[in-house]
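Next come the chains, spelled out residue by residue.
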Amino acid sequence: MNPAQSFDHPDSDLDVEKDDDASTSRPKQKTDDEILAEIRDFLTEAQNYWNPIYAKGREDKEFVTIDGAQWDAVAKKERDEDNLPSLEINLARTYCRQQINTQRQNRPQIQPVPVDSYADIETAKTLKGLVKDTEVVSDAESAYDAAAENAVYGGMGFIRVITDYVSEDSFEQEPRIVAVHNTESVYIDPMSKALDGSDNSRALVKSWVDKEQLIKEHGDDAVRDFDSDLSDMASWYNISDKKVLVAEYFTLDQEEKELCLLGDGSTKWKSDVIAGEQVIKTRKSAKKVINWYKVSGNKVLDRTIFVGQLIPVVPVYGEVTWIGEDRHVFSLVHFAKDPARLFNYWKSTEAHQLSEMSDAPYVAAVEQIAGYEEEWKNPKGLRVLHYNYRDDQTGQQLPSPQRVGFPGSPSGVLNAAMGAQQSIVDVLNMHAPAMGSAQSDQSGIAIGKLQNQQETSNFHFPDNLNKSIAQVGRILIPQYQAFYTEQHIKRIIGDDGKPQTVTLNQPMMPGQPLQKGQTVSKNGWLNDLTVGRYDVRMQTGANYNTQRQETASLLQQLVRADPSLMQKAGDLILRSLDGVGIAEIADRVERSIPPQLKNDPNAPGANGQPPLPPEVQQHLQQADTTVQQLQQQLQQLQAAVADKQAERNHKAQLAEMDAQVKLAIAQMNNESKENLNELTNAVKLMLQHMQVPAPLAAEVNQDLMQSDLGGQEQADVINP
């Protein structure tokens with residue numbers, strides 16, 4: 001299992017990690033010794049802060065879990081020596097289970113919502129399906145339940161998010177939600193104050209592993225120094241059990257980088273800008289990086305970068321109260337422990353006094369038991385008791401010894417026990433209606449108000465759980481956006497628990513219609529997880545099956561009030577029920593419902609006309625099918641005709657263009673001839689009025705005859 005994913009593994013041989021952007025650089029990589037020293041310092045600081053809180057939570061958890069924990073050890077020992085009963089009636093655990101199971105019945109659901117213009121509603125729905133798929137694969141309900149139980153019993157729990165390969169033969173990774181059963185194995189930054197841990201910058205998760213197993217996985221040097229020097233390793237190595245403490249350490253670091261605003265409104269780090277992208281402006285910023293280390297007490301076993309900007313260790317608090325800078329964390333049972341101890345004491349006292357009733361003392365004269373004193377010292381358990389029935393001196397018959405009647409349990413003890421029990425109820429504010437007890441002397445409205453009062457009193461427990469699960473969603477979304485950057489077919493889970501497959505980062509096809517709320521990303525994709533920002537909102541309430549049962553019960557009540565409803569919506573009512581063959585029955589009922597009641601404006605009879613008989617509807621359906629086939633054939637013929645018509649139009653256009661070209665050429669030739677004739681006549685006229693030498697006149701006449709475009713002989717000749 002790999003709890004972190006890195007796309008750019010650090011190089012341990014380099015002191016400084018250069019970025020592609022020459023203006024920025026990553027911080028100097030820490031050495032193993034620096035990391036180990038930092039982890040030891042953090043563990044010491046965190047233990048000093050959290051261990052008192054954990055100790056108080058452990059005491060509360062043991063109070064409702066371990067036999068005898070509800071009695072003081074010294075007082076219980078004294079009562080045992082005096083043969084006094086020490087009853088433990090664990091009412092507190094009953095109230096804790098009531099709170100836990102109420103939360104289980106109202107499962108919170110992670111609801112991603114779009115934040116910016118690059119995110120859309122349909123992609124948010126896809127992300128919700130991915131989250132539910134991760135929850136199913138990870139058995140996230142068990143992780144949530146473990147955290148909720150720890151918060152109710154001990155005041156605090158945790159949820160973890162890790163990444164792991166899909167299978168042993170795959171390079172594809174996916175996030176997982178992991179349960180944390182031992183709260184005391186996790187330490188977060190003492191400076192974190194947010195109830196969901198969103199401001200947490202450091203976390204350490206520790207676990208004890210077998211020394212030999214650690215050597216097998218990471219080599220002898222993983223524990224080599226433990227045998228030689230244990231001066232500062234006592235908390236990391238258990239000599240007797242040969243166990244070694246292995247810790248996972250998360251730290252939130254920041255890298256100074258330059259942020260660019262692109263022409264399309266999106267932002268990128270300067271090192272990620274590719275050629276051709278328009279940069280509008282830049283500014284200095286800091287990129288958050290989650291560094292993950294796996295260490296033993298003397299060696300860094302592994303290191304990488306965890307995808308995202310949030311520490312994947314999420315606290316789940318019970319009740320938190322701040323007094324100045326001091327944090328006080330309480331479980332549900334914390335303030336009910338004293339009333340519970342008092343209730344156990346008075347019930348034990350009551351039991352002791354009632355047991356004494358069967359052992360009431362005897363009253364007998366000395367003469368009656370003379371010679372049988374040993375029997376009467378402890379008559380309990382003896383079937384036959386001997387006594388002297390005659391006086392030895394007078395010979396008179398003596399009466400038998402008489403048992404002294406027990407006056408009964410004092411009313412004060414009974415009232416004290418009842419008062420202590422009521423104190424438990426008052427402290428927890430979980431009265432009889434909230435615990436499921438029938439109250440015949442109260443109306444349903446009054447009972448409902450008492451139940452709401454209890455839910456309001458302890459609402460901080462489910463509310464804090466909701467906050468933490470929402471934080472889990474904020475950790476998961478960047479994981480999906482980092483892991484799924486190309487077209488990918490992935491399973492998602494719907495609200496009804498039914499799986500389906502979707503195509504992530506799907507290129508938009510020409511003419512493909514968009515669904516409501518769906519947009520095409522700047523990459524031209526649908527369900528594009530690589531762009532957009534998404535936040536998380538929580539939906540809390542009964543799960544889908546519970547809602548289905550409640551809906552079915554409500555519909556049955558409506559049918560009893562209005563039986564005609566079955567004729568109008570019988571198919572919908574039946575589909576809300578669970579059972580074998582219900583779907584087939586609903587289909588048959590649907591066919592018998594008039595079409596105008598189905599909200600189908602195109603169905604026969606939808607405009608107030610009487611419904612058509614079934615056989616006519618069948619013929620119409622067949623006719624519709626035939627019409628559709630003919631329409632398809634007509635469309636194909638029209639397409640073919642359109643192609644031929646286009647070809648003819650093209651030829652006509654070519655012919656017209658050819659004629660226009662020829663006409664233009666002819667016009668140009670005519671204009672050239674006219675211009676040449678005018679020029680020739682002008683030259684002739686000029687030569688007639690000039691005295692030209694005979695050789696020159698002959699040469700000009702010859703040139704004029706050759707330039708005649710019509711090829712006709714010149715009639716006029718220039719005479720010298």
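Below is a summary of the structure that appears in this document. This one's a predicted model, so the numbers in the text were calculated from it and none came from an experiment.

**Brief notes about the pairing of strand 2 (residues 156-165)**
So, step 1. With nine of 10 residues buried, strand 2 lies mostly within the body of the structure.
So, step 2. Sheet topology note: the strand 2/strand 11 (residues 313-317) ladder contains five bridges and is antiparallel. Bridging across to strand 11, Met156 finds its partner in Tyr317.
So, step 3. The pairing of strand 2 with strand 3 (residues 173-179) spans seven bridges and is antiparallel.

**Comments concerning the side chain of Glu174**
So, step 1. As for its placement among the helices and strands, Glu174 is situated in strand 3.
So, step 2. At 2.9 Å, the side chain of Glu174 and the side chain of Arg176 are in polar contact.
So, step 3. If near-sequence neighbours (up to four positions away) are discounted, Glu174 is found in contact with Val137, Ile162, Thr163, Asp164, Val166, Phe483, Tyr484 and Lys490.

**Overview of the sheet that holds strand 11**
Within a sheet, neighbouring strands are paired by backbone hydrogen bonds and run either parallel or antiparallel to one another.
So, step 1. One open sheet accounts for three strands, arranged 3-2-11; its pairing is antiparallel. In the strand order of this sheet, the two ends are held by strand 3 and strand 11, each with one partner. Sheet twist, expressed as the average angle between the axes of neighbouring strands with direction ignored, equals 25°.

**Digging into the nonpolar core**
So, step 1. Within the largest apolar cluster, 65 residues are counted, with the highest numbers of intra-cluster contacts made by Trp50, Ile188 and Val313.
So, step 2. Non-local contacts of Ile188, meaning those with residues more than four positions away in its chain, are made with Phe42, Ala46, Trp50, Met156, Phe158, Asn200, Arg202, Ala203, Val313, Pro315 and Tyr317.
So, step 3. Core analysis: the second largest hydrophobic core is formed by 20 residues, Tyr95, Tyr153, Ile424 and Met430 among them.

**Here we look at helix 2 (residues 73-81)**
So, step 1. Its side-chain oxygen at 3.1 Å from the backbone nitrogen of Val74, Asp72 defines the N-terminal cap of helix 2.
So, step 2. Asn83 sits one or two positions beyond helix 2 and adopts a positive phi of about 60°.

**Here we look at the pattern of salt bridges**
So, step 1. Counting across every chain of the model gives 30 salt bridges.
So, step 2. Where Arg341 meets Asp338, a salt bridge forms, and the shortest distance between an N and an O atom there is 2.9 Å. One end of the pair, Arg341, and the other, Asp338, are both in helix 7 (residues 337-357), three residues apart, so they sit about a helical turn from each other.
So, step 3. Its relative accessible area of 28% is what places Arg341 among the partly exposed residues.
So, step 4. Judged by its relative accessible area of 55%, Asp338 falls in the exposed class.
So, step 5. A single salt-bridge network, built from bridges that share partners, covers Arg97, Arg104, Arg107, Glu141, Asp145 and Glu149.

**Details of the packing of aromatic side chains**
So, step 1. Enumeration according to the criterion identifies nine aromatic pairs in this entry.
So, step 2. Their ring planes at 25° and their centres at 6.4 Å tell us that Tyr249 and Tyr293 sit as a pair that is stacked. Here Tyr293 lies in strand 9 (residues 279-295) and Tyr249 lies in strand 7 (residues 243-262), a separation of 44 residues in the sequence. Accessibility classification places Tyr249 together with Tyr293 in one group, the buried group.
So, step 3. Cluster of aromatic residues (ring-pair linked, three or more members): Tyr49, Trp50, Tyr54 and Tyr187.
So, step 4. The side chain of Lys193 reaches across the aromatic face of Trp322, ending 5.3 Å from its centre.

Procedures and definitions
Residues numbered from 1 in each chain as written. Predicted model: local features only at pLDDT ≥ 70, side-chain atom pairs only at ≥ 80, totals over all residues. Heavy atoms only, no water. Buried < 20%, exposed > 50% of the residue type's maximum accessible area, 1.4 Å probe, protein only. Helix = DSSP H or I, 4+ residues; strand = E, 2+ residues; numbered from the N terminus. Pairing = 2+ DSSP bridges. Polar contact = N/O pair within 3.5 Å; in protein donor to acceptor, adjacent residues only side chain to side chain. Contact = heavy atoms within 4.5 Å. Axes fitted to C-alpha atoms, helices over the stretch in contact; angles between N-to-C directions. Core = buried A, V, L, I, M, F, W, Y, C linked by side-chain atoms within 4.5 Å. Salt bridge = Lys/Arg side-chain N within 4 Å of Asp/Glu carboxyl O. Phe/Tyr/Trp six-rings, centres within 6.5 Å; stacked < 30°, edge-to-face > 60°. Lys NZ or Arg CZ within 6 Å of the ring centre and 35° of its normal.

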